[in-house]
Amino acid sequence: MAKSTIPITEGFDYQARWFWIQATRLFRPDTKVVQVDYEANSPRGFDDVIVHYNPPIKDEFDKPVHMDCFQLKFHVCKNGAFTYESLMDPKFIGAKSNCLRSKR
């Protein structure tokens with residue numbers, strides 16, 4: 001039973017580390033980061049760590065980005081790694097429908 005809790009604990013540690021990496025950006029003198037949320041209530045599906053910008057940063061299409069939302073996963077599997085296709089498979093992630101879709 002104890003072995004099954006190790007991946008969960010390591011996953012929480014990974015998520016917390018990513019939060020603190022993002023939170024340290026608040027202390028940079030040239031930062032546009034104004035807030036970093038941990039386990040936010042929204043947006044659903046990408047709520048583990050959210051980085052808010054003010055003024056917004058620009059994406060590769062010169063569109064304003066007000067926030068970056070991260071859904072962090074840590075997975076341990078005795079029979080190998082998983083792929084990006086796995087993360088888009090509703091059965092693999094425990095979703096009822098596809099949640100990662102391109103808007104383009």
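Residues numbered from 1 in each chain as written. Predicted model: local features only at pLDDT ≥ 70, side-chain atom pairs only at ≥ 80, totals over all residues. Heavy atoms only, no water.

Draft legend 1. Representation of the packing of aromatic side chains. For the coordinates displayed, the defined rule picks out three aromatic pairs. Between tryptophan 18 and phenylalanine 70, the ring centres sit 5.3 Å apart and the planes meet at 70 degrees, which makes this aromatic pair edge-to-face. Of this pair, tryptophan 18 sits in helix α1 (residues 2-23) while phenylalanine 70 sits in strand β3 (residues 64-70); the two residues are 52 residues apart in sequence, bridging distant segments of the chain. What links up through ring pairs into an aromatic cluster is the set Phe19, Trp20 and Tyr38. (Phe/Tyr/Trp six-rings, centres within 6.5 Å; stacked < 30°, edge-to-face > 60°. Helix = DSSP H or I, 4+ residues; strand = E, 2+ residues; numbered from the N terminus.)

Draft legend 2. Highlighting a nonpolar patch on the surface. A grouping of Tyr14, Phe74 and Val76 is seen on the molecular surface, where their side chains present a nonpolar patch of about 260 Å² in accessible area. Following the sequence through the fold, tyrosine 14 ends up in helix α1. (Patch = residues over 30% accessible without salt bridge, like charges linked within 9 Å, V, L, I, M, F, W, Y side chains within 5 Å. Areas by Shrake-Rupley, 256 points an atom, 1.4 Å probe, with all protein chains shown as cover. Salt bridge = Lys/Arg side-chain N within 4 Å of Asp/Glu carboxyl O.)

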